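Observations on the model geometry
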Amino acid sequence: MPDIVPDVSLITGPAINLYEDDYNDPVYQAKARILNRAIQDIGMGRYQWYLFAVTGFGWFADSVWPLLSGLILTPVVYEFHFNGPFLSLASNMGLLIGAVFWGLGCDIWGRRWSFNATLFIAGIFGLASGGAPTFVALASLIAMVGVGVGGNLPVDSAVFLDFVPGSHQYLLTILSIWWCLGQLLSSLVAWPLIANYSCASALDCTRSNNMGWRYLLFVLGGFTLSLWAVRFFTFTLLESPRFLSGIGCDAEAVEVIHKLAKFNGKTSSITVEELEAPDKAVSGRRSSSEERHNILSKSSKYNTVHIKALFATPKMAWSTSLLITIWGVIGLASTLYNNFLPYLLSSRGAAFGDGSLYITYRNQVILSVIGVPAALLAGWAVELPYIGRKGTLAIASGLTGVFLFATTTARTSSQLLGWNCGYVFFSNIMYGVLYAISPEIFPAKDRGTGNGLTSTASRVFGVLAPVVALYANLATAVPVYIAGGLIIFAGSLALLLPYEPRGKVSI
């Protein structure tokens, strides 16, 4: 086979291909390098900064809605008289379906459809859930919110990484600041609404004197819908050039690159002939323009091609398996702990004599503020020599587990809040790196599928978390020990990943 890998010496910033020369599809790898060079030449400009904002909306939604079942749990249980973990179970079932459908789907019909649909679904059903007359109706609507929200991170991380220059891939980690802002906003809104418009107990708790959680859903549903409107009406998402090239639409991929350059006030020298050269360099292979298929054509269907591609070599299979395992383990631990954190703070606070809703949600706001500097620190840490993504993930996971263990030693409400501040700080670093390292490792043509698989693992184990809670005694520290141990274990697995994206360009 002729040497079909183009010269990448013109790339500024990180020039080393993440897979170097051991990727199983050299033609795609060559094309990815050509596109990477073109995007790097254009540089970090206005389009990418706009994209940083509108993809951040996905992180925001992924923070707000999965945590919502914890924020509204107490007043909803008072009104509907059901076993609390069932609400979390419904939410996680929806998130699971969304991760599978949108994650795998965006590698089949493209990023734009998924990108524009997920927030709309979450906002509409979020608004509707505020009017739920029964628990079954509420759980069903929250599950539908999850279907939309579950696709946000798999799709949005792929979208952002498809357009950001290799020298600025670290920004994918900093995108988690939107996750922290989502926590902060939902806690700030929940604080006055839940504290002032909720039943004090399950006795005589009716809809009329327990409207706080409904107001919260109306506000967050409306806000999510407004974010979708900003995405849809004020920003035109270009289709991923790597996705287009991967389905044989090289001319369209080149056109996207030129549109990107024009938006940023630059020009690009890339041509269709240059992008098709790797095809023609392989003897007997037709050019991609002859192999193309249309988006949403008969060839646009779910199959195992993209999944198999993630396991194409032993090294890739090991990497994909580890990422799925890490996401699953952390998903179980964090969902178990996060969904019942307000309950834990309230019950422990009650034991300490200060378990009012006001104090509980005040503490929730404090914890949310802590996450903002954590996201910025994570973006700095992942670029440190000898530490990188893997080291930062391992260290943050280890410290997250340690602070979880420490919460069991609290003897006052203030001590418990202090230990939880440490947990939230390092868990936000952990999640920031985890959300970035996975899409960075997966090749762009299979990135949505890879993100979908890892998110699915997280959601599957997230579904198990409320099941565990149904049979566990939440008044004891046992769930905390389980969660802490699992997170430390997941962090140690990160060190075994065969790829380190720091200083290298994703393909």
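What counts, and where the lines are drawn
- Residues numbered from 1 in each chain as written.
- Predicted model: local features only at pLDDT ≥ 70, side-chain atom pairs only at ≥ 80, totals over all residues.
- Heavy atoms only, no water.
- Helix = DSSP H or I, 4+ residues; strand = E, 2+ residues; numbered from the N terminus.
- Buried < 20%, exposed > 50% of the residue type's maximum accessible area, 1.4 Å probe, protein only.
- Areas by Shrake-Rupley, 256 points an atom, 1.4 Å probe, with all protein chains shown as cover.
- Patch = residues over 30% accessible without salt bridge, like charges linked within 9 Å, V, L, I, M, F, W, Y side chains within 5 Å.
- Salt bridge = Lys/Arg side-chain N within 4 Å of Asp/Glu carboxyl O.
- Expected span 1.5 Å × (residues − 1).
- Axes fitted to C-alpha atoms, helices over the stretch in contact; angles between N-to-C directions.
- Parallel < 35°, antiparallel > 145°, perpendicular 65-115°, else oblique.
- Left-handed = near helix turned anticlockwise from the far one by under 90°.
- Contact = heavy atoms within 4.5 Å.
- Nonpolar A, V, L, I, M, F, W, Y, C, P; charged D, E, K, R; others polar.
- Polar contact = N/O pair within 3.5 Å; in protein donor to acceptor, adjacent residues only side chain to side chain.
- Core = buried A, V, L, I, M, F, W, Y, C linked by side-chain atoms within 4.5 Å.
- 1 Å grid on protein atoms, 1.4 Å probe; cavity = no way out; pocket = protein on both sides within 12 Å on 5 of 7 lines; lining within 4 Å.
- Points joined across faces, edges and corners; volume = space filled by probe spheres on them.
- Phe/Tyr/Trp six-rings, centres within 6.5 Å; stacked < 30°, edge-to-face > 60°.
- pLDDT = per-residue confidence, 0-100.

1. Side note on the overall build of the protein
The helix and strand inventory of the protein stands at 22 helices and two strands. Split into buried and exposed, the 507 residues of the protein put 62% on the buried side. Summed over all atoms, the accessible surface of the protein reaches about 18400 Å², with 66% contributed by carbon and sulfur.

2. Quick look at a nonpolar patch on the surface
A cluster of nonpolar side chains, contributed by Y386, I387, I395 and L399, occupies part of the molecular surface with about 450 Å² of accessible area. Here I387 is to be found in the loop between helix 18 (357–381) and helix 19 (388–407).

3. As for the pattern of salt bridges
Inspection of every chain in the model, using the stated rule, returns ten salt bridges. With its nearest N and O atoms 2.9 Å apart, the salt bridge here joins E79 to R214. Here E79 is found in helix 3 (residues 73–80), whereas its partner R214 is found in helix 10 (residues 212–234), with 135 residues between them in sequence. Its relative accessible area of 0% is what places R214 among the buried residues. A cluster of three or more residues bridged by salt bridges with shared partners is formed by R111, D162, R242 and R447.

4. Side note on helix 1 (residues 26–42)
Here helix 1 is 17 residues long and its end C-alpha atoms lie 24 Å apart, about the 24 Å a rise of 1.5 Å per residue gives. Of all 17 residues that make up helix 1, 15 are buried, and the element is covered over most of its length. At the exit of helix 1 stands G43, carrying a positive phi of roughly 85°.

5. Comments concerning the packing of helix 2 (residues 46–71) against helix 9 (residues 177–196)
A pair of packed helices is characterised by two quantities: the angle between their axes and the separation of those axes. Packing of helix 2 against helix 9 leaves a shortest axis separation of 7 Å and a crossing angle of 45°. Looking at the two axes, helix 2 sits oblique to helix 9. Crossing hand, helix 2 versus helix 9: right-handed. Contacts between helix 2 and helix 9 pair F52, A53, G56, F57, W59, F60, D62, S63, V64, L67 and L71 from the former with W178, W179, L181, G182, Q183, L185, S186, A190 and I194 from the latter. By residue class, the composition of the contact of helix 2 with helix 9 is 14 nonpolar, five polar and one charged.

6. Side note on unusual backbone geometry
Backbone geometry places Y386, a non-glycine residue, at a positive phi of 70°. Tracing the backbone through its elements, the reader meets Y386 in the loop between helix 18 and helix 19.

7. Some thoughts on the packing of helix 19 against helix 20 (residues 413–441)
One way to put it is that helix 19 packs onto helix 20 with a least axis distance of 8 Å and a crossing angle of 155°. On the basis of the axis angle, helix 19 is roughly antiparallel to helix 20. In this structure, helix 19 crosses over helix 20, and the sense of that crossing is left-handed. Of the residues contributing to the contact of helix 19 with helix 20, the split by class is 15 nonpolar, seven polar and three charged.

8. Some remarks on the environment of S397
Relative to the elements of secondary structure, S397 occurs in helix 19. Residues within four places of S397 in sequence aside, it is in contact with M430, I487, I488 and G491.

9. So, the side chain of N451
Looking at the element boundaries, N451 is found in helix 21 (residues 447–471). The class of N451 is buried, set by a relative accessible area of 3%. Polar side-chain contacts of N451 include one of 3.0 Å to the side chain of S157. Not counting the four nearest positions on each side in its chain, N451 is found in contact with L153, P154, S157, A158, S438, P439 and F442.

10. Considerations on the nonpolar core
The tendency in soluble globular proteins is for nonpolar side chains to be buried as a group. Ranked by size, the top nonpolar core spans 124 residues in total, and within it L51, W65, L138 and L216 carry the most contacts. At 14 residues, helix 20 tops the list of elements feeding residues into this core.

11. A short note on empty space enclosed by the protein
Taken as a whole, this structure holds eleven cavities of 30 Å³ or more when the rule is applied. In this structure, the largest cavity occupies an estimated 270 Å³ of space. For the largest cavity, the lining is made up of 20 residues, of which P66, W179, T335, Y431 and R459 are closest to its centre. Residue assignment for the lining of the largest cavity shows that the elements contributing at least two residues are helix 2, helix 4 (85–105), helix 7 (152–163), helix 16 (314–338), helix 20 and helix 21. The element contributing the most residues to the lining of the largest cavity is helix 16, with five residues. A per-class count over the lining of the largest cavity returns nine nonpolar, nine polar and two charged.

12. Comments concerning the packing of aromatic side chains
The full count for this structure, using the stated rule, is 22 aromatic pairs. Centroid distance F120 to W228: 4.8 Å. Interplanar angle 55°. Geometry classified as tilted. Of this pair, F120 sits in helix 5 (residues 111–129) while W228 is found in helix 10, placing the two residues 108 residues apart along the sequence. Taking relative accessible area as the criterion, F120 reaches 34% and is therefore assigned partly exposed. Taking the relative accessible area as the measure of exposure, W228 reaches 15% and is therefore buried. Where F425 meets F426, the ring centres are 5.1 Å apart and the plane angle is 90°; that geometry is what we call edge-to-face. On the basis of relative accessibility, which here comes to 21%, the residue F425 falls in the partly exposed class.

13. Some details on the side chain of D62
Considering the arrangement of structural elements, one finds D62 in helix 2. Note on D62: relative accessible area 3%, which makes it buried. Apart from residues no more than four positions distant in its own chain, D62 is found in contact with V149, L153, W179, Y435 and R459.

14. Let's talk about the confidence of the model for the protein
Overall, the prediction assigns the protein a mean pLDDT of 81, with 85% of residues at 70 or greater. Across residues 1–15, confidence stays below pLDDT 50; counting only partners more than four residues off in sequence or on other chains, it has 29 contacts. Low pLDDT (under 50) marks residues 286–300, which in the prediction has 31 contacts with non-local residues, meaning those over four places away or in another chain.

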